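Observations on chain architecture
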Amino acid sequence: MSAKERILEEIRNFRGQAGMYYYNLATSETWGYREKEPYLAASIVKLPLAAAILMWRARGETSFDNTVTIREEQKIPGCGAVQHLDGDVSLTVRELCKLMITISDSCATNALFRHYGAEMIRKGFLELGLTGTQFNREYWDEEKENRGINNYFVPEEMGMLLKKMHDRTLVDAEASQWLEQLLRQQQINHKIGGFLPMDFPLAHKTGDEEDKAHDVGIVYAKQPFIVCFAYVGPDMYVYEDFIRRSSRLLAEENGMEI
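A short tour of the structure in this document, coming up. Bear in mind the structure is a predicted one, so any value in this text is a computation, not a measurement.

**A short note on the layout of surface pockets**
Of the voids in this model, the largest pocket is the one considered here, and its volume is about 500 Å³. Taken together, 19 residues form the lining of the largest pocket, with Arg137, Tyr139, Trp140, Glu209 and Glu210 sitting closest to its centre. For the lining of the largest pocket, the secondary structure elements donating two or more residues are helix 6 (142-146) and strand 7 (202-209). Taken together, the residues that form the lining of the largest pocket break down as 7 nonpolar, 5 polar and 7 charged. Looking at the second largest pocket, the residues that line it are Arg184, Gln186, Asn189, Gly193, Leu196, Pro197, Met198, Asp199, Phe200, Pro201, Leu202 and His204. Grouping the amino acids of the lining of the second largest pocket by side-chain chemistry returns 6 nonpolar, 4 polar and 2 charged.

**A closer look at the environment of asparagine 151**
The topology assignment puts asparagine 151 in the loop between helix 6 and strand 6 (152-153). It is 23 Å that separates the C-alpha atoms of asparagine 151 and valine 68, two residues lying 83 residues apart in sequence. Every residue in contact with asparagine 151, bar those within four places of it in the chain, is listed here: Tyr39, Leu40, Ala41, Val45, Gln134, Phe135, Asn136 and Arg137. One polar contact links the side chain of asparagine 151 to the main-chain amide nitrogen of arginine 137, over a distance of 3.1 Å.

**Remarks on the sheet that holds strand 9 (residues 225-232)**
What the 5 strands build is an open sheet, ordered 2-1-9-8-7; its pairing is antiparallel. Both edges of this open sheet fall to strand 2 (30-33) and strand 7, since each of them pairs with a single strand only. Each adjacent strand pair in this sheet contributes to an overall mean axis angle of 5°, direction not counted. Note: strand 1 (residues 17-24) against strand 9, 8 bridges, orientation antiparallel. The residue bridging tyrosine 22 from the neighbouring strand is valine 227, located in strand 9. Against the sheet, helix 1 (residues 3-11) makes contact with strand 1 and strand 2, and its axis sits at roughly 15° relative to strand 2, the strand it touches most.

**Some thoughts on helix 9 (residues 236-253)**
In an α-helix there are 3.6 residues to a turn, and that puts residues three or four apart on one side. Relative to the 26 Å expected for 18 residues at 1.5 Å per residue, helix 9 spans 26 Å between its end C-alpha atoms, a close match to the ideal helical length. For helix 9, the set of buried residues is Met236, Tyr239, Glu240, Phe242, Ile243, Arg244, Ser246, Ser247, Leu250 and Ala251. Packed against the buried residues of helix 9 are helix 1, strand 1, strand 2, strand 7, strand 8 (212-219) and strand 9. Just past helix 9, the residue glycine 255 takes up positive phi, approximately 95°.

**Regarding the pattern of salt bridges**
Close approach of charged atoms allows side chains of opposite charge to pair. Going through the model one piece at a time under the given rule, you end up with 23 salt bridges. Among the salt bridges present, the one from arginine 59 reaches glutamate 127, with a minimum N-O distance of 2.7 Å. Here glutamate 127 lies in helix 5 (residues 118-127) and arginine 59 lies in the loop between helix 2 (46-58) and strand 4 (67-70), a separation of 68 residues in the sequence. Take arginine 59: its relative accessible area is 41%, and that puts it in the partly exposed class. Taking the relative accessible area as the measure of exposure, glutamate 127 reaches 48% and is therefore partly exposed. The salt bridge involving glutamate 73 is made with arginine 71; its shortest N-O contact spans 2.8 Å. Classification of arginine 71 by relative accessible area gives partly exposed; the value is 40%.

**A look at the packing of aromatic side chains**
Working definition: an aromatic ring pair is given by the centre-to-centre distance plus the angle between the planes. Taken as a whole, this structure holds 13 aromatic pairs when the rule is applied. Pairing phenylalanine 135 with tyrosine 139 gives two aromatic rings, centres 5.9 Å apart and planes at 70°, and the pair type is edge-to-face. One aromatic cluster in this structure is built from Phe14, Phe229, Tyr231, Tyr239 and Phe242. Positioned above the aromatic ring of tyrosine 139 is the side chain of lysine 46, whose terminal nitrogen or guanidinium carbon lies 4.8 Å from the ring centre. Residue placement shows arginine 184 over the ring face of tyrosine 220; its charged tip is 4.1 Å from the ring centre.

**Here's the deal with helix 8 (residues 173-184)**
Taking 1.5 Å as the rise per residue, helix 8 with 12 residues should run 16 Å; its terminal C-alpha atoms sit 16 Å apart, in good agreement. Among the residues of helix 8, those classed as buried are Ala175, Ser176, Leu179, Glu180, Leu182 and Leu183. One side of helix 8 carries all its buried residues, which in axial view fall inside an arc of 160°. Turning to helix 8, the residues buried within the fold contact helix 2, helix 3 (93-102), helix 7 (155-166) and strand 7.

Scoring rules and cut-offs
Residues numbered from 1 in each chain as written. Predicted model: local features only at pLDDT ≥ 70, side-chain atom pairs only at ≥ 80, totals over all residues. Heavy atoms only, no water. 1 Å grid on protein atoms, 1.4 Å probe; cavity = no way out; pocket = protein on both sides within 12 Å on 5 of 7 lines; lining within 4 Å. Points joined across faces, edges and corners; volume = space filled by probe spheres on them. Helix = DSSP H or I, 4+ residues; strand = E, 2+ residues; numbered from the N terminus. Nonpolar A, V, L, I, M, F, W, Y, C, P; charged D, E, K, R; others polar. Contact = heavy atoms within 4.5 Å. Polar contact = N/O pair within 3.5 Å; in protein donor to acceptor, adjacent residues only side chain to side chain. Pairing = 2+ DSSP bridges. Axes fitted to C-alpha atoms, helices over the stretch in contact; angles between N-to-C directions. Expected span 1.5 Å × (residues − 1). Buried < 20%, exposed > 50% of the residue type's maximum accessible area, 1.4 Å probe, protein only. Salt bridge = Lys/Arg side-chain N within 4 Å of Asp/Glu carboxyl O. Phe/Tyr/Trp six-rings, centres within 6.5 Å; stacked < 30°, edge-to-face > 60°. Lys NZ or Arg CZ within 6 Å of the ring centre and 35° of its normal. Arc of directions from axis to C-beta.

And the structure:
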């Protein structure tokens, strides 16, 4: 049984909403399961936000050197380091992007969301070709969450974004390379990278909450491939293990040296 057959057989049995998208960058083989559906995003929308900022920067509409201040009362719990810094914190857009991607810092992400605003972000996502992927509210905004205002991502759309980055057509070659290097520095590696050799080359972004287990990225096997995993449901930890095992299977099938 091929890796594809084994993975698709298993993913169909998960309770809740489980899906994935696969694209082989060497052969153009593509397949998936519920890959066109929107999933509650957790931290995945931090990736397209970084892409949108790169797009605006290329057009002269923003600068990496712009400074954004996070007030003490704006700090939130969850992933990241900014919440642990004393007092008001001022950081550049460049620094906030790095924190948002490499350690999934939610304070940094909220600061960027406030800086650009929901409407500019909505238009930016649409310009990037993201119709089902939406960044509608800050993290830990319980009032909006209770009103049903949430963030979503579509696995296939994240795959498209990653392919453009790999092809150096996401904004331009410089922006694509900058984002790829940032994703390679991702510090949360227990899912796609969990069963791969230490320091195996990956460029990815995770998303985690109590009932969500996502990871989207590029695995640089001999035949590099994109894989985007999404899950919302009661079996988060089981699905995380599924991500680890599936990523290993696909890497081996695509020429990973064991």
